[in-house]
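# Close look at the chain arrangement
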Amino acid sequence: MPLSPRTLPALVLALCAGAAWAQPAGDAPAEPLVINGCPIWPYTRCPGADLRHARLVGKNLSGADLRGADLTRADLRGANLAVANLAGANLTGARLSKATASNADFRNARLTGTDLEAARLMRADFSGAEFNGASLEMARLNHAWFVGTRFIANDLQEAKFVATNLKDAVFEGNFILYTTFTESALDGCKGCSPNWR
């Protein structure tokens, strides 16, 4: 018997309802992830948390308070850290490729061997932070602050430092092929070239 246009929506609803009832009882919602007492969700409050080696791929930590947290070798690939506070955090060896950390606070953070490839870091504040042997290849850093930041032996290939504040920053031994510094403030920057403006 052919279906009429009036019966089709009712049939779709019935099939969807049947599919919902057919789910096994064991598929209850997963418990929220908690690592060393730190709940992993937006706006969490975990200053000083021990998140070493934590697997946080794709997690939403927007607005999180992770000041002074130890994120050594944490896996944050594709994570959302927008507006998060990571001031003074240890991100040694952490993986943040393709993470979003726009408007985040990384002041005085340690980023040794950190992978920030293709990360979106627009308007983030890295003042006083130290990048040492990190990868920022293809990172988007538009309007970010790097006042007094140290960049030592990093891969900055194709990174976009557009309209950034690099006042009193230090650049030594970085790989800067196709890196752009358009309209950036370079006052007092050691190792910066006047041609970068």
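Everything numeric in this text was worked out from a predicted model, so none of it was measured.

### Section: the environment of N36
Position of N36 among the secondary structure elements: in the loop between β1 (34-35) and β2 (38-39). The exposed category is assigned to N36, whose relative accessible area is 61%. For N36 and A49, which are 13 residues apart along the polypeptide, the C-alpha to C-alpha distance reads 7.4 Å.

### Re the confidence of the model for the protein chain
Here the protein chain averages 90 in pLDDT, while 85% of its residues score no lower than 70. The low-confidence segment residues 11-24 (pLDDT under 50) makes one contact with residues lying over four places distant or belonging to another chain.

### Here we look at the pattern of salt bridges
Applying the stated rule across the entire model yields nine salt bridges. Ionic pairing is found between D65 and R67, a salt bridge with its closest N-O pair at 2.7 Å. For R67, a relative accessible area of 41% puts it in the partly exposed group. When salt bridges that share partners are traced, they join R55, D75, R77 and R95 into one network.

### Considering the sheet that holds strand β3 (residues 110-112)
Pairing within the open sheet is parallel, and its four strands lie in the order β3-β4-β5-β6. Here the strands that pair on one side only, and so sit at the sheet edges, are β3 and β6 (170-172). Across the sheet, the axes of successive neighbouring strands diverge by a mean angle of 5°, strand direction being ignored. Of the pairings in the sheet, the one linking strand β4 (residues 130-132) to strand β5 (residues 150-152) comprises three bridges and is parallel in character.

### Things to note about the packing of aromatic side chains
Scanning the entire structure with this criterion turns up 14 aromatic pairs. With a centroid separation of 5.5 Å and an interplanar angle of 55°, the aromatic rings of F146 and F161 are classed as tilted. In this pair, F146 sits in the loop between β4 and β5 while F161 sits in the loop between β5 and β6, placing the two residues 15 residues apart along the sequence. Here F146 and F161 have matching classes, each one buried. The structure contains a cluster of three or more aromatic residues connected by ring pairs, namely F106, F126, F131, F146, F151, F161, F171, F181 and W196.

What counts, and where the lines are drawn
Residues numbered from 1 in each chain as written. Predicted model: local features only at pLDDT ≥ 70, side-chain atom pairs only at ≥ 80, totals over all residues. Heavy atoms only, no water. Helix = DSSP H or I, 4+ residues; strand = E, 2+ residues; numbered from the N terminus. Buried < 20%, exposed > 50% of the residue type's maximum accessible area, 1.4 Å probe, protein only. pLDDT = per-residue confidence, 0-100. Contact = heavy atoms within 4.5 Å. Salt bridge = Lys/Arg side-chain N within 4 Å of Asp/Glu carboxyl O. Pairing = 2+ DSSP bridges. Axes fitted to C-alpha atoms, helices over the stretch in contact; angles between N-to-C directions. Phe/Tyr/Trp six-rings, centres within 6.5 Å; stacked < 30°, edge-to-face > 60°.

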